[in-house]
Amino acid sequence: MSLENPHIIIQQLTPFERIPQQRMHPPRQAKSYLSGQHPELLRQSRSESTTKNHAFTDAEQEEKFALAGIVADWMVQGANEMRKHRPPFGLAYSISGSTEDFSKNNIKVLKDANLLGDPFSTFAFTVNHTLAISLRQKVKQILATPEGREAAIYKRHMYFANRSGISPDDPDGIQYSVIPSGTGLRIMGAILAHANDIDSTLLGRKPTVGESANAARNSTPLIIKLASFEKNIFNTIFVSVAEGGGISKSLMIVENDGKMYYQIKDRVLQAAINQLSKPDVREKVEREKRAGCPARMRFDGRKSAIETLWNWYIDYSVQVSQNKTVDTANNTC
């Protein structure tokens, strides 16, 4: 869901865009692959080197990001489509804890949100397993038609993965090349787990669970904006807000034209900008071409993988809150 005036949320983050870097445009590459018009798909044969760990050209780096975005989209959208078959949360995990063994007897649907002691640690753990299961199923389906377009896309993705040092038979390496960042999941979880602690001074009251959920959905542009930053910038923001007491302490809930959303407080943003202004940080950041997170690309009018995951996490947090309310009511009877 986007706001009618989304720049209200993101205007505080625009100074990061002024860092002088060359931007890459992987969405164009991704769309050409999906349409079947990419040169690599039009070539009948190709001699591909599998030499590992040699530098990628700018064009290859852009293509690599594009392919990672396609595979991440397949994985997240596939997992999201299976949610209705895995009530109540849509999540599954390996009983043994291994991400290599997803045999039928080793997969269990999540029933208890407190499996790992608290709901948000549980989500972060089980969603990674759920995504890994989805990717395995998708790859099996793709390779059943080895001459198909999706198989060609996946093989090209694996070409870059192998060059990066990931073995073709390393399921962990393959899935972690496209599974969303752990830091990103921690930030999402920290926002939702502490929604009740977010500064609501401007509202003059605490928002309800439903209002907090709507505020989170309306704040999707902020999540996408954060995902547009490169790893080094994103990690710097994360460190800065952690030093300020965590992301929930760095936000305030505001209302505009009847819609609530989260906004970053100026002091936290300034801390992040100050950190980025340090010569050693800028030098490190500026060595990389800019592309952001591959999972933020949208295909065929759908929400991006990041948007889908964020909304899934919101749905989960609402379910957890409702269950907690019911349990509290039962305990007082």
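This text gives an overview of the structure that appears in the document. Because the structure is a prediction, the values reported are computed rather than measured. (Residues numbered from 1 in each chain as written. Predicted model: local features only at pLDDT ≥ 70, side-chain atom pairs only at ≥ 80, totals over all residues. Heavy atoms only, no water.)

Here's the deal with the pairing of strand E3 (residues 251-256)
Relative to strand E4 (residues 259-264), E3 runs antiparallel, the two sharing 6 bridges. The residue bridging Leu251 from the neighbouring strand is Ile264, located in E4. Where E3 folds back onto E4 in an antiparallel hairpin, the turn is made up of 2 residues, including Asp257, whose phi is positive at roughly 50 degrees. (Pairing = 2+ DSSP bridges. Helix = DSSP H or I, 4+ residues; strand = E, 2+ residues; numbered from the N terminus.)

Focus on helix H8 (residues 182-193)
Relative to the 16 Å expected for 12 residues at 1.5 Å per residue, H8 spans 16 Å between its end C-alpha atoms, a close match to the ideal helical length. Listed as buried for H8 are Thr183, Gly184, Leu185, Ile187, Met188, Gly189, Ile191 and Leu192. (Expected span 1.5 Å × (residues − 1). Buried < 20%, exposed > 50% of the residue type's maximum accessible area, 1.4 Å probe, protein only.)

Brief notes about the side chain of Thr308
Mapped onto the elements, Thr308 comes out in helix H14 (residues 305-331). Overall, Thr308 belongs to the buried group, its relative accessible area being 7%. When sequence neighbours within four positions are dropped, the list of residues in contact with Thr308 reads Val76, Gln77, Asn80 and Lys303. (Contact = heavy atoms within 4.5 Å.)

Description of unusual backbone geometry
Of the consecutive residues Pro87 and Pro88, the connecting peptide bond is found in the cis state with omega at 5 degrees. Following the sequence through the fold, Pro88 ends up in the loop between helix H4 (58-81) and strand E1 (92-94). Not every positive phi belongs to a glycine, and Asp257 is a case in point at roughly 50 degrees. Within the secondary structure, Asp257 sits in the loop between E3 and E4.

Regarding the packing of helix H2 (residues 26-34) against H4
Across the interface, H2 lies against H4 with an axial gap of 8 Å and an inter-helix angle of 65 degrees. By crossing handedness, the relation of H2 to H4 is classed as right-handed. Counting all contacts with H2, which are made through Pro26, Gln29, Ala30, Tyr33 and Leu34, the residues of H4 involved are Ala59, Glu62, Glu63, Phe65, Ala66, Leu67 and Ile70. For the contact of H2 with H4, a count of residues per class yields 9 nonpolar, 1 polar and 2 charged. (Axes fitted to C-alpha atoms, helices over the stretch in contact; angles between N-to-C directions. Left-handed = near helix turned anticlockwise from the far one by under 90°. Nonpolar A, V, L, I, M, F, W, Y, C, P; charged D, E, K, R; others polar.)

Some remarks on the packing of aromatic side chains
Applying the stated criterion to the full structure yields 8 aromatic pairs. Between the aromatic rings of Phe123 and Tyr313, the centroid separation amounts to 3.8 Å while the plane-to-plane angle is 20 degrees, which identifies the pairing as stacked. Of this pair, Phe123 sits in helix H5 (residues 119-143) while Tyr313 sits in helix H14, and the two are 190 residues apart along the sequence. No difference in accessibility class separates Phe123 from Tyr313, as the two residues are buried. With a centroid separation of 5.2 Å and 55 degrees between ring planes, the pair formed by Tyr159 and Phe160 is classed as tilted. Tyr159 sits in the buried class, given a relative accessible area of 7%. Through successive ring pairs, a cluster of aromatic residues spans Phe89, Phe120, Phe123, Tyr313 and Tyr316. Lying across the ring of Trp74, Lys138 places its NZ or CZ 5.2 Å from the centre. (Phe/Tyr/Trp six-rings, centres within 6.5 Å; stacked < 30°, edge-to-face > 60°. Lys NZ or Arg CZ within 6 Å of the ring centre and 35° of its normal.)

Describing the layout of surface pockets
Of the voids in this model, the largest pocket is the one considered here, and its volume is about 1,100 Å³. Surrounding the largest pocket, 42 residues form its lining, Phe65, Lys231, Gly292, Cys293 and Pro294 being those nearest its centre. Elements supplying a minimum of two residues to the lining of the largest pocket: H4, helix H6 (149-163), H8, helix H10 (220-227), helix H11 (231-243) and H14. In the lining of the largest pocket, the residues fall into 26 nonpolar, 9 polar and 7 charged. (1 Å grid on protein atoms, 1.4 Å probe; cavity = no way out; pocket = protein on both sides within 12 Å on 5 of 7 lines; lining within 4 Å. Points joined across faces, edges and corners; volume = space filled by probe spheres on them.)

Digging into the environment of Ile223
By the secondary structure assignment, Ile223 is in helix H10. Given the relative accessible area of 8%, Ile223 is considered buried. When the C-alpha positions of Ile223 and Trp310 are compared, they lie 8.1 Å apart, and in sequence the two are 87 residues distant. Those residues in contact with Ile223, other than ones at most four positions away along the chain, are Met188, Ile191, Ile306 and Trp310.

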